[in-house]
Amino acid sequence: MSAAQTHTSKYDIVIVGAGFAGLYALYRFRNEGYRVKVIEAGNGVGGTWFWNRYPGARCDVESMQYSYSFSDEVQQEWSWSERYAPQGEILEYVNFVADKFDLKKDIQFNTRVNTAVFDEAAGLWEIGCETGETFVAKYCLMATGCLSVPMSPKLDGIERFKGELYRTSSWPDKPVSFEGKRVGLIGTGSSGIQATPRLAAAADHLYVFQRTPNYSIPAHNHELDDDYQHDWKSHYPERRALAKQTRNNTLNAAGEGPGEGLSWDEREAVFEERWQFGGLGFMYGFTDMTSSKVVNDHASDFVRRKIDQIVKDPETAAKLKPMHYPIGAKRICVDTDYYKTFNRENVTLLDVKADPIETVTEAGVKLASGEIEVDILILATGFDAMTGALTRINPVGRGGQTLTERWEDGPKTYLGMAIDGFPNMFIVTGPGSPSVFTNMVTSVEQNVDWVADCMNRLETEGVQTIEATTEAVDDWTVKVGELAENTLLTGLGSNSWYVGANIEGKPKVFMAYLGGAATYSDICKSVADDGYAGFRLVSPADA
Ligand code: N01
C-alpha cells in the first residue's frame, strides 16, 4: 500500500457523496468557513444522474423546479431545454454549478467510503475508504442518496449470459448500439418504463419481461420556450417560497379538497384534465388520493381504461393493467409513449409472473414456456432504497453499536436526519424524512440548511457532540409509521421499495414521512427554535 493510500486527513466535516445533496452541503459549509471534504465513488459529480445514463432517463419533476434555489445567479444563468430535463442535461447542470463555485477541488473522486467509526474518546468520525485512506472529522454528513445502491435481482444463471449485459442504474459512459439486436429488458418500474420506447425504436426486437405492471402517466414533455423560462426566472423567489408551503415542495396545482364526496363524473373530469396535463400532478388531483379507497379505485380504473384505449391488442393491454394494488402504492411512473410502444410489431411483452423466468442462459432468458434469445440483456430491477447506501457503510457509533444493529427492525431516525448512538452524524433526506415524496432538490437544501444552522450554533456555543435521544427517535419513528398506516400505501400495496419489499430479508417498514414537506420543515424549525429539542448536546464541561 502506498503512502498516499494510508494517508489520514483531518477536516471539520466529511461529506459522503457528490450528488445534489453533497454539492450543496459543500457549498454551504465551505462558505461558513468549515474545512470540508467530499468523498465520491464515481469519477464525476451528480450522484443518481451520474450513474443512471440509460436511454430515456429523465426527471419526473419539471425542470424549472428540479433545480437549486440557493443561488439566484444560477437560476438566472442556466436554461433548461425541456419541460422534463433529460439525464444528460441535469448532469451538465450539476457540473455547471460545481464549476461555477469551484467545488470540485474539495471533492475526492473514485473513492468509495466503506467504513465510518465514531471514536468516542476523541469525539471524531473516522471515515475509511476502499483506497485505504482515512478521513477524520468532527462531523460526518451522509449525502448518500435514497436510490443509489442497485439491488441484485435473483436471476439464476445470470453469470452465464454471453451477450451484452447492462444495468440501467450503472449505464456505461459510452454509446451502446442496439441496431439489428434483440434486446431483453427486465423490470418495469420508472427506469424500465422510460427506457422501453427508446429501446424499441433502436433495436431489431425488444422483449419486455414484466413481473408487476405499473401505473404510468404521460409526461407530455415538450421544449421550453424563452417566454415561459423568462416568466419563471422573473418570479423565482415567490414561486420557490410557495412551493415550500406544499406537501411535496412543488407547485403542481394540487387539488384542494377530497374527491370522495364528489360524483363519479366530477372526479372523472379532474382525472382527465390531469392526464392531459401530464406528470406526477395526476396524484395530487384530490387530497384523499392515497387515503380514500373510493377515490383511489376510481383513479386506478381511469388509468386502466386509458391503457385499453391506447394498446390495440386486448391481451397485451390486459397484461399491462395493474390490477392488484392501489395507484401510488408503488411510485407511479411518468412516460413518453410507453403504452403505445406495445403496438409496435417489434415489441413483445412477457408476463413473467404467469410465465416465470427459470434461468438466464448463455443465449437469453429461459421462461417456463421456453427460451427467448437476446443479444443484449438490460436489468432495470431497482435499488436497495432509502437505507442501502447507509447500511453498506454500516457506521459504528457509540459503544461499538452498528447501524444495522440499531436498524434491525427497520430504519429509525429523528427527523430523517439523526440517529441515537451516532453523535455528530447527519443524513440528508434519510428514512423518516419526506424525501422521495417531494422535489428532492428542495428537500436537500432544507436538510442541509438545517444541519448547517445547527452546526453553527454548536460551534458558537462550544458544543462537542449532538446526538438524538432514543426517545425522540422512537417517537418520530412511531409517527412516521402511523402516518403511513393511515394511507393505502401499506398493506395491500406494500410490495414496493417504499417498504423494502424488493430486498430479501429487509424489514418491511414504510420508510418516508408522509406528513408533507411543509409540515416537516416547520417541525424541523421548531426543534431548532426549542434549542434542539430531542437532541442531547454535550459540551467539554459536561463530559
Ligand atoms: O426500480 P423499481 P426503478 N425478475 O424498483 C422488477 C426513481 N426513478 O429503477 O415490481 C423480474 O421501481 C420489479 O418487479 P416487481 C423512482 O423513484 C425515477 O425502475 O418487484 N422482474 C420492477 O418492475 C423509482 O420509483 C426516475 O414485481 C424483477 C422493476 O424490476 C425508483 O427510482 C427514473 C426482478 C424495478 O422497479 C426506482 O425505479 C428512474 C426479477 N428477479 C427511477 N427483480 C425519474 O425521475 C426486480 N424486478 C422519472
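What you see is a predicted model, and the numbers here were worked out from it, not measured in a lab.

Undergrad: Which residues make up the site of the ligand, and what are the values?
TA: Taken together, the neighbourhood of the ligand is formed by 25 residues, with Ser191, Arg211, Thr212, Lys330 and Arg331 sitting nearest. Within the backbone of Ser190, an N or O atom sits 3.0 Å from an oxygen atom of the ligand. Contact distances for the ligand include 2.5 Å between an oxygen atom and a side-chain N or O atom of Thr212. Take the shell around the ligand: its biggest share by element is three residues, from helix α6 (residues 190–202).

Undergrad: Describe the domain arrangement of the chain, listing the residues and the values that go with them.
TA: Per the domain assignment, the segments of the chain are domain 1 (4–149 + 384–538) and domain 2 (158–379). Inter-centroid distance (C-alpha atoms) of domain 1 to domain 2 is 27 Å. Buried surface at the junction of domain 1 and domain 2, both sides included, amounts to about 4300 Å², of which 49% is carbon and sulfur. Broken down residue by residue, the surface that domain 1 buries against domain 2 is led by Met64, Arg83 and Leu488, which jointly contribute 18%. Taken together, the connections running from domain 1 to domain 2 amount to two salt bridges. Of the charged contacts in the structure, one is a salt bridge between Asp60 and Arg331, with a shortest N-O distance of 2.7 Å. Linking domain 1 to domain 2 there are 31 residue pairs in polar contact (both at pLDDT 80 or more).

Undergrad: Please set out the nonpolar core residue by residue, giving values where relevant.
TA: By size, the foremost hydrophobic cluster in this structure holds 121 residues, and its most contacted members are Ile15, Phe29, Phe282, Val303, Leu415, Trp450 and Phe535. By residue number, the principal contributor to this core is helix α15 (residues 440–461), which donates nine residues. Setting aside residues up to four positions removed in sequence, Phe535 forms contacts with Tyr414, Leu415, Ala418, Trp450, Ile466, Glu467, Ala468, Thr469 and Val527. With 22 residues, the next largest nonpolar core counts Leu390, Ile393, Leu403 and Met425 among its residues.

Undergrad: So what's going on with the packing of helix α2 (residues 20–31) against α15? Which residues, and what values?
TA: With their axes 9 Å apart at the nearest point, α2 and α15 run at an angle of 35° to one another. With respect to the hand of their crossing, α2 and α15 are arranged in right-handed fashion. Taken together, the residues of α15 that come into contact with α2 (itself represented by Phe20, Ala21, Tyr24, Ala25, Arg28 and Phe29) are Val441, Val444, Glu445, Val448, Asp449, Val451, Ala452, Asp453, Met455 and Asn456.

Undergrad: Which residues make up helix α17 (residues 517–529), and what values do they have?
TA: Here α17 contains 13 residues, and its C-alpha end-to-end distance of 18 Å stays within 8% of the 18 Å for a straight helix at 1.5 Å per residue. Buried within α17 we find Ala517, Ala518, Tyr520, Ile523, Cys524, Val527 and Ala528. Buried positions along α17 lie against α15, α16 (470–485) and β19 (535–538). Backbone geometry just downstream of α17 places Gly531 in the positive-phi region, at approximately 75°.

Undergrad: An account of the sheet that holds strand β9 (residues 205–210) is needed here, citing residue identities and associated values.
TA: Here five strands make up an open sheet; going across it, the order is β7-β16-β8-β9-β12 and the pairing parallel. Edge strands, defined here as strands with exactly one partner in the open sheet, are β7 (164–167) and β12 (347–351). Neighbour to neighbour, the strand axes of the sheet diverge by 20° on average, direction disregarded. On top of the sheet, α6 reaches β8 (182–186), β9, β12 and β16 (376–379); it is set at about 160° to β9, its chief contact.

Undergrad: Give a detailed account of the layout of surface pockets, specifying residues and quantitative values.
TA: Empty space within the second largest pocket amounts to approximately 1200 Å³. Among the elements of the structure, α7 (226–234) and α9 (264–277) are those that each provide at least two residues to the lining of the second largest pocket. Per element, the largest residue contribution to the lining of the second largest pocket is four residues, and it comes from α9. Grouping the constituent residues of the lining of the second largest pocket by class yields 24 nonpolar, 18 polar and eight charged.

Undergrad: Describe the pairing of β8, listing the residues and the values that go with them.
TA: With four of five residues buried, β8 is to be regarded as a mostly interior element. Following the backbone out of β8, through α6 and into the adjacent parallel β9, one traces a crossover that is right-handed. Here four bridges tie β8 to β16, and the two strands are oriented parallel to one another. By the bridge assignment, Val183 is partnered in β16 with Ile376.

Undergrad: Break down the sheet that holds strand β14 (residues 364–367) for me, citing the residues and quoting the values.
TA: Pairing in this open sheet of three strands is antiparallel, and the strands run β13-β14-β15 from one edge to the other. Sheet topology places β13 (357–360) and β15 (370–373) at the edges, where each strand pairs with a single neighbour. Taking each pair of neighbouring strands and ignoring which way they run, the sheet shows an average axis angle of 25°. Across four bridges, β14 lies against β15 in antiparallel orientation. Within the sheet, the bridge partner assigned to Val365 lies in β15 and is Ile372.

Thresholds applied
Residues numbered from 1 in each chain as written. Predicted model: local features only at pLDDT ≥ 70, side-chain atom pairs only at ≥ 80, totals over all residues. Heavy atoms only, no water. Near = heavy atom within 4 Å. Polar contact = N/O pair within 3.5 Å; in protein donor to acceptor, adjacent residues only side chain to side chain. Helix = DSSP H or I, 4+ residues; strand = E, 2+ residues; numbered from the N terminus. Domains from an automatic or database assignment. Buried area = accessible area lost by both parts, 1.4 Å probe. Salt bridge = Lys/Arg side-chain N within 4 Å of Asp/Glu carboxyl O. Core = buried A, V, L, I, M, F, W, Y, C linked by side-chain atoms within 4.5 Å. Buried < 20%, exposed > 50% of the residue type's maximum accessible area, 1.4 Å probe, protein only. Contact = heavy atoms within 4.5 Å. Axes fitted to C-alpha atoms, helices over the stretch in contact; angles between N-to-C directions. Left-handed = near helix turned anticlockwise from the far one by under 90°. Expected span 1.5 Å × (residues − 1). Pairing = 2+ DSSP bridges. 1 Å grid on protein atoms, 1.4 Å probe; cavity = no way out; pocket = protein on both sides within 12 Å on 5 of 7 lines; lining within 4 Å. Points joined across faces, edges and corners; volume = space filled by probe spheres on them. Nonpolar A, V, L, I, M, F, W, Y, C, P; charged D, E, K, R; others polar. Right-handed = clockwise from strand over helix to strand, strands pointing away.

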